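Fold and contact review
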Amino acid sequence: MAGDAGLILTCAGCCCGHPAHGGALAPQRTLKATLRRLHKASGLDGRVRLAFTDCLGPCSEANVVMLYLHGRPLWFRRMNAPELIGALLDYSRAAAAGDEPALPAELASRSFSWTGGGVGPAPPIDGPVS
């Protein structure tokens, strides 16, 4: 990732975007288009890349996003609204600039631990997020 501060890796697999798995009902093309539009408008291109994958693993927590910044993974669950993606991009911008911001409340409540990284409980996580 030479020249990049990080990566936003977004699940676009079979479970994300389906209410039965905790995600909001949204076709994958809608989720991808929204993420691409917001990422492009964020000014992070060239610093924090955006990529999609078929499955990140914790399907019980769909819609899953993994932010990898400064050698550290941060996992977020049920990222179901453009406002949440906006908060993630704002946090990413501050962190990529070298600041060490605290996770905003809307992201902290969605943070979880997976594959040896992240902050918070391991899935499956009971109950809705605030």
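These numbers were taken from a predicted model, which means no experiment stands behind them.

Rules used in this analysis
Within any chain, residue numbers begin from 1 and follow the written order of that chain's sequence. Totals for whole chains, interfaces and linings use all residues, but because this is a predicted model, local features are given only for residues with pLDDT of at least 70 and pairs of side-chain atoms are given and counted only at 80 or more. As a rule here, side-chain values cover all heavy atoms of the structure and leave hydrogens and water aside. Cavity and pocket criteria rest on a 1 Å grid covering protein atoms alone: a 1.4 Å probe that fits but cannot get out defines a cavity, protein on both sides within 12 Å along at least 5 of 7 lines defines an open pocket, and an atom within 4 Å of a point defines a lining residue. Grid points are joined across faces, edges and corners, and a volume is the space filled by probe spheres set on the points. Where helices and strands are cited, they refer to DSSP runs of H or I of at least four residues and of E of at least two residues respectively, numbered from the N terminus. Only buried residues count toward a nonpolar core. Its members are Ala, Val, Leu, Ile, Met, Phe, Trp, Tyr and Cys residues joined through side-chain atoms within 4.5 Å. Three exposure classes are used, based on accessible area relative to the maximum for each residue type with a 1.4 Å probe and protein chains only: buried under 20%, partly exposed in between, and exposed over 50%. Any two residues whose heavy atoms approach within 4.5 Å at even a single point are treated as in contact. The pairing test for Phe, Tyr and Trp rings, Trp by its six-membered ring, is centres within 6.5 Å, and the orientation test on the planes gives stacked under 30 degrees, edge-to-face over 60, and tilted for anything in between. Lysine and arginine charges are scored as sitting over a ring when NZ or CZ, respectively, is within 6 Å of the ring centre and within 35 degrees of the ring normal. A pair of strands is considered paired only if DSSP assigns at least 2 bridges between the two.

1. Here we look at empty space enclosed by the protein
Regions of empty space are outlined by a rolling probe, equal in size to a water molecule, passed over the atoms. The tally for this structure, following the rule as stated, stands at one cavity of 30 Å³ or more. As a volume, the largest cavity reaches approximately 40 Å³. In this structure, the largest cavity is lined by Ile-8, Leu-35, His-39, Leu-50, Ile-85, Leu-88 and Leu-89. Of all the secondary structure elements, the ones that give two or more residues to the lining of the largest cavity are helix H1 (28-42) and helix H2 (82-96). If you tally residues by element for the lining of the largest cavity, the top one is H2, at three residues.

2. Notes on the nonpolar core
Counting residues in each nonpolar core, the largest one holds 20 residues, and the members touching the most others are Ile-8, Val-48, Leu-67, Phe-76, Met-79, Leu-88 and Leu-107. Breaking this core down by element, the ones donating at least two residues are H1, strand S3 (65-69), strand S4 (72-76) and H2. Top element by residues in this core is H2. It accounts for eight residues. Grouped together as the second largest cluster of nonpolar side chains are 11 residues, Leu-9, Cys-11, Ala-62 and Met-66 included.

3. Considering the environment of His-70
For His-70, the position within the fold is in the loop between S3 and S4. On the basis of relative accessible area, His-70 is assigned to the exposed category, the value being 54%. For the pair His-70 and Ala-5, spaced 65 residues apart in sequence, the C-alpha separation works out to 6.4 Å. Setting aside anything within four residues of it in sequence, one finds His-70 in contact with Ala-5, Ala-95 and Ala-96.

4. Quick word on the packing of aromatic side chains
Within this structure, the stated rule accounts for one aromatic pair. For the ring pair Trp-75 and Phe-112, a centre distance of 6.0 Å and an interplane angle of 50° mean the geometry is tilted. Placement of the pair is Trp-75 in strand S4 and Phe-112 in strand S5 (residues 111-114), with a sequence separation of 37 residues. Accessibility expressed as a relative area gives 0% for Phe-112, which makes it buried. Across from the ring centre of Phe-52, 5.5 Å away, lies the NZ or CZ of Lys-32, which sits over that ring.

5. A few points about the pairing of S3
Of all five residues in S3, four are buried; the element is thus mostly enclosed. Of the strand pairs in this sheet, strand S1 (residues 6-11) and S3 are connected by five bridges, and their pairing is antiparallel. Bridging across to S3, Ile-8 finds its partner in Leu-67. Between S3 and S4, which pair antiparallel and follow one another directly, the connecting turn spans two residues, one of which, His-70, has a positive phi of 50°.

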